[in-house]
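Results of the structural survey
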Amino acid sequence: MDGAPEMDGHDSAENDGVSVNSLDNTHPLQLETAIDMPGSLDSLRAIAAETKTTTVYTGVAAGTSHGTCLTLNDHNRLRLFIQEFTFRGLLPHIEKNIRQLNDQLVSRKGLSRSLFSVTKKLFGGGKVPEKSIAELKNTSGLLYHPEAPELQIRKMADLCFLVQHYELAYSCYHTAKKDFLSDQAMLYAAGALEMAAVSAFLQGGAPRPYPAHYMDTAIQTYRDVCKNKVLAERCALFSAEVLKSQAKYSDAATLLIKMTSEDSDLCSALLLEQAAHCFINMRNPMVRKFAFHMILAGHRFSKAGQKRHALRCYCQAMQVYKGKGWSLAEDHINFTIGRQSFTLRQPENAVLAFRHILTNDSQQTATQQGAFLREYLYVYRNVPGVCEVALPQLTLPCINSSATRVYFGHERRLAEGEKQAATHVSLDQEFDQDLAAVWQDLEEQVVAAANRGVVPSTFYPTQCCLNSQTDNLHFPLAVVEEPIIVEVAFRNPLKVPLVLSDLSLLWKFTFKDFSRPQPQDIMVGDAVTITNEKEAIAPRTVQKDGIITTEVIPEFFMSPEETRVARLKLLPRQTGQLTILGLVYNLASTPSTGDSTINSNSFSQNQGPSATAGTSVRGRQDLEIQGPRLNQSKEEKTSVSHGPDRRLDPTITPPMPLLEVFFLQFPTALLCGEIRKAYVEFCNVSHVPLCGLRVASTHPDFFTFGSSSLATPLTPLSPTSFENCSAYKTLATPPGATPGSVTAVTLVSAADFGSGGGGVFGTGGKRIAEIPLGEGTLTPGESTQLPLWLRGPDQEGVHEINFLFYYEGAEKGGKISHRVLRHTVFICASRSLSVRATACRSNTLPEEEGRNGSMLVFVDVENINTSEAGVREFHIAQVSSSSKQWRLHKCINPAENKDCKLTTRERGKLCFRATRCKPHEATSKSLEKYTFADLSLGNEQIISSTTPCADFFFRRCQPSESWRPLIAVETQGRHSRSQGAGPGGGTEDITGVVRKCNEVDLDIIVLWKAFVVEDNKQVILEGQLHVALQTIGKEACSLRQKEEAQEMVLLKFKPELPPPMTRPSMEQLSHLIKTNLHYPESYSHSFVQKSLCMVPVILTLSNCSLAQVDAIIDLRHKTTSPESLEVHGSFTWLGQTQYKLQLRAQEVMRLPLRAGFLHAGVYNLGTPRVFAKLADQGAMCETSQQTATPGLIIINST
């Protein structure tokens, strides 16, 4: 019987256990010894070697040797003796016995062979096989006398088999088999059948077909008739070896499996193992049958007390089932390997096997999983030395390392009473990549504002909470004495509950002193590294609280198949480099109490073990986070390499200031344009002074802290309710003042309100506001309260508004240059008013000489509120203007009851006269200042040039003129160059000049009040709306028009031609000159005395442009329409009827004319036609200018 053959085409058995032939050198029936052999499952080879060595030294006495005194001559004599004994003694004796037996049986059996033929063919070749016999009958046999002829034939067959004369032996066995069967001697017949089959197999030359049915009949006879299982098993093993030598592994396996029984576990285990090897050695190996029968063999070995053989069989079967998705079979094998390894005192292998059961998503029932878990814990608890030196690696519960989040900083205090704390960043918030980009942009802007408009090269955006989506390539910065919170995601893969007790973090810390700069090599060489691993083995020992205070969670309960996060704190006490290694905890299978909450505020390490300590195991799990895949260079793209992830490696820096912000009376809903006053409280909760406080926002027009350079309303010490005080600075209307007249005109610089000048840093400077502090700093523990004015967004809906508070420490040059605090609010804006304004030229001239410039401004106000917020009515309290060139002068149509009231869906229209600013108001010193003019329509005047009205005016969407200076400078330069070049200047200069004729650059501020009923009491709300008038005749609205979706444009692969030079339109060119007629409204004349009445008329021409203009006045034009002739009579102009004039920039020219009338009546004098063009544009034709309104004159006859 050959041993255990190797598996053809498969892994030799070293993957998951011992090899297939690892115990071939030991006796298969040897019982287990009490030898402690720790190690992996592969260490069974060492056991076999030791067993073999022990057997050899126990069988032979140490130091005994044989044949050491024999000489070479003795060796030759021994060899000659054996040869002579064989040829002269043994073989002749056998030949003599065969001859005698043959002579005795020739007559009775009729044998045809002679004695000489037998001697001649004693060592001959193969014989011709005989035919097979019929099957035997299952009858009982009898006993023969030793001299019986049948036994003599069997003896002759044995002698022939002994001298390897297999053909003659087969004939004799065949003859004896017939005699035994005829005599019903079944035991003798079975032996003859067995030896006949073996003789047929061993014949040389032309092989005789192996009579397998002889063996089957012999086995059946031994087992069923003779009741001799030992002989049946021997016969089966002979037959199996013969079949295996003929590559009939399937038949051999079937034969071996048939011989198994419940009588002998050891014999059945051997037969099953040999059958398994038959399956694996087939031409097409039957791997699963091999594994199945190896498991059966291992089970029978275990029952027979052969633990090592059982472990070997299960390990070989595990190689087949591993990773094939047969979870139940895999669990059973691992469970058995774990038990057998534990019995053989191999705890590492037992833990490894149980770990495989508990890590994979098992399909076992809850009861079975509970049994697996108890066995797993039992291995740890009962094997000495496992947890004493180092903490073992646990696999329960599963940890999703990539989902680990790290938060740096204190947990913010919750709202206290009316106070609303800043939201900042917390672990309860989900990470949003787009929102993170917004915060980073705001931080870049405020950092640039704090560093004179330049972002430092060492700038790195602040990240208070790190996760798998943040940039973790750099070492994060933490502050000493500020906690570090690590959120770890646990998953219980089992259907049974788990309890973790004494849960804490493992860390490693390296001291570094950042206050004294040292070379890098010195710092690394002298660095002292400590860890808390030794203290974590026994949680009740003294911890290193002077370096890192480690929080311990007493108990953490996990329900079956639950995913839950635990938040653990570390409080660094010294500066240096911290590395978070993993977690340490006690694992138990059942909870000790019903409390499953996490005590996240506990910092006690002296807590004793929980009630589950008797069934718990203390171990660790490491947090290993894989960084992002690198994909920059060619080598990185062609290979799989990952960068570092340093979220668990924070650098502990020296103390920094820490700011907390609270909001008081902060609303959640506002009307569009509503002004509300709130308060902000700034608290420095650190031990370091705070300075450089700034704020940036995505909606800078939503809030203002006021201007410190101007007189602002005094802030009360304690905030009062907003319905008891106005957000504006107001004054009583002077007695006797006409409603709608100008009550105040003020010059204000935009730099005083943070817009323009030093307040703008780049394109986003208007988003940055410096927060005024008392002495510029907040000392440790100090808090201050500042007023904050809010204005509702102009568009209705829910608005997300982000605030970023920036502050610095008093000491510069630290690892952290600044810190930020985030706050997000949601404001629901409801409709209020809609304001539309239009500017028209006025036909009258100003009273001041040498200046022209007056126009009419029509303001259309509509109440678009739908009474959602309980608003009853709106009152237009005041209309103010702000501009560098224009100001409102007077309200032409004030309401009789002073202020204008508008209920739901009502509209009102106001008309104002606007004039240019006076010369003394536009000195060189005040060129960049805005003129605020207030026209009060009520009993009180709101000073619009102070906080908060002026703040929101400058914080609104940038005024029209703010982006024009560059264009204006460029236009003037081109204009000057075009003038130097002579006629034929560029088209861009013409467009700029013509545009200036129609520009207004006047902003209208409509201040309103609304009466709202809240909680059965009336509340007065205030607000303001802005309208920017830019062009004469073009309507402007306070509400932004919705942008239409852009249509898809076809892609163009050829470069587009430059756009053609745009020329000013006819409508723009028709506003170069403004005309006005001055004449008496009525004129009396005696047509009896003089038939022709001549009336003097003055035609005033005003050049509205900044360039020289050529004008042509044509008086020959007459009204020819019948309707006009019916209403107005016909007249004629006397004297020169066509003039060609040249007007300088903004020149006013008066042209005297005379009109002739022949009879009394009503006449229209507005018939002159005026044509104009720019003086330096010779090729351009004159354009007809817009005519004045009809000028009616009444001619009376006396």
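Quick caveat, the model's predicted, so the values are computed rather than measured.

Next up on the list: the overall build of the protein. When its secondary structure is counted, the protein shows 24 helices and 48 strands. Each of the 1198 residues in the protein was classed as buried or not, and the buried ones make up 47%. For the protein, the proportion of contacts with a sequence separation of at least 24, taken over those separated by at least 6, is 78%. About 60100 Å² of surface is accessible on the protein, with carbon and sulfur atoms providing 53% of the total.

On to the pattern of salt bridges. Tallying each qualifying case throughout the model produces 30 salt bridges. A salt bridge links glutamate 194 to arginine 234, with the shortest nitrogen-to-oxygen separation between them at 2.7 Å. Within this pair, whereas glutamate 194 is found in helix α6 (residues 186-202), its partner arginine 234 is found in helix α8 (residues 229-245), the two being separated by 40 residues in sequence. Here glutamate 194 falls in the buried class, since its relative accessible area comes to 1%. Among the residues examined, arginine 234 registers a relative accessible area of 37% and is labelled partly exposed. Between glutamate 681 and lysine 419 there is a salt bridge whose closest N-O contact spans 2.8 Å. Here lysine 419 lies in the loop between β2 (405-408) and β3 (420-421) and glutamate 681 lies in strand β17 (residues 674-684), a separation of 262 residues in the sequence. Residue lysine 419 is classed as partly exposed on the basis of its relative accessible area of 23%. Look at the salt bridges and you will find they share partners, linking Arg405, Asp428, Glu487 and Arg567 into a network.

Taking burial as the measure, the 14 residues of strand β7 (residues 498-511) include 12 buried ones, the bulk of the element. As paired strands, β7 and strand β10 (residues 553-558) are joined by five bridges and run antiparallel to one another. The residue bridging valine 499 from the neighbouring strand is phenylalanine 557, located in β10. Examined bridge by bridge, β7 and strand β12 (residues 576-588) share 11 bridges and lie antiparallel to one another. Bridge assignment links valine 499 to a residue of β12, and that residue is alanine 588. Where β7 and strand β8 (residues 529-531) come together, three bridges link them in antiparallel fashion. Directly across from lysine 508, in β8, lies its bridge partner threonine 531.

As a further point, take unusual backbone geometry. Following leucine 396, the chain continues into proline 397 via a peptide bond in cis, with omega recorded as -10°. Cis peptide bonds are those with omega within 30 degrees of zero, and the linkage from threonine 947 to proline 948 qualifies with 5°. On the secondary structure map, proline 948 appears in the loop between β34 (940-942) and α20 (949-955). At alanine 247, a position not held by glycine, the phi torsion is positive, near 65°. Mapped onto the secondary structure, alanine 247 falls in the loop between α8 and α9 (249-258). Residue class for alanine 247 comes out exposed when judged on its relative accessible area of 55%. Phi is positive for histidine 424, which is not a glycine, with a value near 50°. Within the fold, histidine 424 resides in the loop between β3 and α16 (433-450).

Below, the discussion takes up the confidence of the model for the protein. When pLDDT is averaged along the protein, the result is 77; 75% of the residues meet or exceed 70. pLDDT under 50 marks residues 846-850. Its contacts with residues more than four places away, or in other chains, come to four contacts. Within the model, the stretch residues 1043-1048 combines pLDDT values under 50 with zero contacts to residues more than four positions away or in other chains.

An order of β43-β41-β46-β47 is seen for the four strands of this open sheet, with the pairing classed as antiparallel. In the strand order of this sheet, the two ends are held by β43 (1138-1143) and β47 (1183-1184), each with one partner. Sheet analysis places strand β46 (residues 1169-1174) next to β47, joined by two bridges and oriented antiparallel. Bridging from a neighbouring strand, alanine 1172 pairs with threonine 1183 of β47.

Here we take up α16. Counted at 1.5 Å a residue, the expected span for α16 with its 18 residues is 26 Å, and the 26 Å between its end C-alpha atoms agrees. Residues Trp439, Leu442, Glu443, Gln445, Val446, Val447, Ala448 and Ala449 constitute the buried set of α16. Where α16 begins, the side chain of aspartate 432 points an oxygen toward the backbone nitrogen of aspartate 434, at a separation of 3.1 Å. Looking one or two residues past α16, arginine 452 carries a phi angle of roughly 60°, positive in sign.

Turning next to the side chain of arginine 822. Along the polypeptide, arginine 822 turns up in strand β26 (residues 819-830). Glutamate 443 is the oppositely charged side chain nearest to the buried, salt-bridge-free arginine 822, at an N-O distance of 5.2 Å. The contact partners of arginine 822, leaving out residues within four places of it in the chain, are Ala422, Thr423, His424, Val425, Trp439, Thr462, Phe803 and Leu804.

The next point concerns the state of the cysteines. For the coordinates displayed, the defined rule picks out zero disulfides. For the unlinked cysteine cysteine 172, the closest cysteine sulfur is that of cysteine 160, found at 4.9 Å. The structure places no disulfide on cysteine 672, whose sulfur is separated from the nearest cysteine sulfur, that of cysteine 828, by 9.3 Å.

Pairing is antiparallel across the open sheet formed by five strands, whose spatial order is β30-β32-β28-β27-β37. In the strand order of this sheet, the two ends are held by β30 (886-891) and β37 (1036-1037), each with one partner. Note that strand β27 (residues 833-841) and β37 share two bridges and pair antiparallel. Note on β37: the bridge partner recorded for arginine 836 is cysteine 1037.

Attention now moves to a nonpolar patch on the surface. A surface patch of nonpolar side chains, amounting to about 400 Å² of accessible area, comprises Phe81, Ile82, Phe85 and Leu90. Within the secondary structure, isoleucine 82 is located in helix α2 (residues 72-109).

The next point concerns the packing of α6 against α8. At their nearest, the axes of α6 and α8 sit 11 Å apart, and the two run at 15° to each other. When the interaxial angle is binned, α6 and α8 end up roughly parallel. The way α6 lies across α8 gives a crossing that is left-handed. In this structure, α6 contributes Leu187, Glu194 and Phe201 to the contact, and α8 contributes Leu231, Arg234, Cys235, Phe238, Val242 and Ser245. Counted by class, the contact of α6 with α8 contains six nonpolar, one polar and two charged residues.

On to helix α12 (residues 307-321). Here α12 contains 15 residues, and its C-alpha end-to-end distance of 21 Å stays within 8% of the 21 Å for a straight helix at 1.5 Å per residue. Counting buried positions along α12 gives 14 out of 15 residues, so the element sits mostly inside the fold.

Here the focus is the packing of helix α14 (residues 347-359) against helix α15 (residues 366-382). Between α14 and α15, whose axes approach to 10 Å, the crossing angle comes to 155°. In terms of axis orientation, α14 runs roughly antiparallel to α15. Like other packed secondary-structure pairs, α14 and α15 cross with a definite hand, here left-handed. Touching Pro347, Ala350, Val351, Phe354, Arg355, Ile357 and Leu358 of α14 are Phe372, Leu373, Glu375, Tyr376, Val379 and Tyr380, all from α15. Residue composition of the contact of α14 with α15, grouped by class: 11 nonpolar, no polar and two charged.

Below, the discussion takes up the nonpolar core. Ranked by size, the top nonpolar core spans 79 residues in total, and within it Met156, Phe180, Ile219, Tyr222, Phe290, Ile333 and Ile337 carry the most contacts. Broken down by element, this core gets its largest block of residues, 10 residues, from α6. Apart from residues no more than four positions distant in its own chain, isoleucine 219 is found in contact with Ala232, Cys235, Ala236, Leu255 and Met259. Within the second largest apolar cluster, 51 residues are counted, among which are Phe354, Ile484, Leu500 and Tyr585.

Reading the values: the criteria
Once a new chain begins, its residue numbering starts again from 1 and follows that chain's sequence as written. Only residues with pLDDT of 70 or above have their local features reported here, since the model is predicted, and side-chain atom pairs are shown and tallied only from 80 upward, although totals for entire chains, interfaces and linings are computed over all residues. Side-chain numbers here rest on the full set of heavy atoms in the structure, without hydrogens or water. Numbered from the N terminus, helices here are DSSP runs of H or I no shorter than four residues, and strands are runs of E no shorter than two. Buried means the residue's accessible area, taken with a 1.4 Å probe over protein chains only, is under 20% of the maximum for its type, while exposed means over 50%, and partly exposed covers the values in between. The contact criterion used throughout is that any non-hydrogen atoms of two residues lie within 4.5 Å. Surface exposure here means Shrake-Rupley accessible area, sampled with a 1.4 Å probe, where a residue is shielded only by the protein chains that are shown. The rule for a salt bridge is simple: a side-chain nitrogen of Lys or Arg has to be within 4 Å of a carboxyl oxygen of Asp or Glu. Pairing between strands requires that DSSP locate at least two bridges from one strand to the other. As a per-residue measure, pLDDT tells how confident the predictor is, with possible values from 0 to 100. Given a helix with a known number of residues, its expected span is that number minus one, times 1.5 Å. Any N or O atom pair separated by 3.5 Å or less is treated as a polar contact, with the protein-specific requirement of one donor-capable and one acceptor-capable atom, and with residues adjacent in sequence counted only for side-chain atom pairs. His is not counted, nor are the chain ends, whereas Lys and Arg count as positive and Asp and Glu as negative. When two cysteine sulfur atoms lie within 2.5 Å, the pair is treated as a disulfide. Residues qualify for a patch when their relative accessible area is over 30% and they have no salt bridge, like charges being joined within 9 Å and the nonpolar side chains of Val, Leu, Ile, Met, Phe, Trp and Tyr within 5 Å. For helices, the fitted axis covers only the stretch in contact; all axes are lines through C-alpha atoms, and the angles between them, taken along N-to-C directions, range from 0 to 180 degrees. By definition in this entry, angles of less than 35 degrees are roughly parallel, angles greater than 145 are roughly antiparallel, angles of 65 to 115 are roughly perpendicular, and the rest are oblique. By convention, the crossing between two helices is left-handed when the near helix turns anticlockwise from the far helix through less than a right angle, and right-handed when the turn is clockwise. Just so you know the grouping, Ala, Val, Leu, Ile, Met, Phe, Trp, Tyr, Cys and Pro go in nonpolar, Asp, Glu, Lys and Arg go in charged, and all remaining residues, Gly too, go in polar. Put simply, buried Ala, Val, Leu, Ile, Met, Phe, Trp, Tyr and Cys residues joined by side-chain atoms within 4.5 Å make one nonpolar core.

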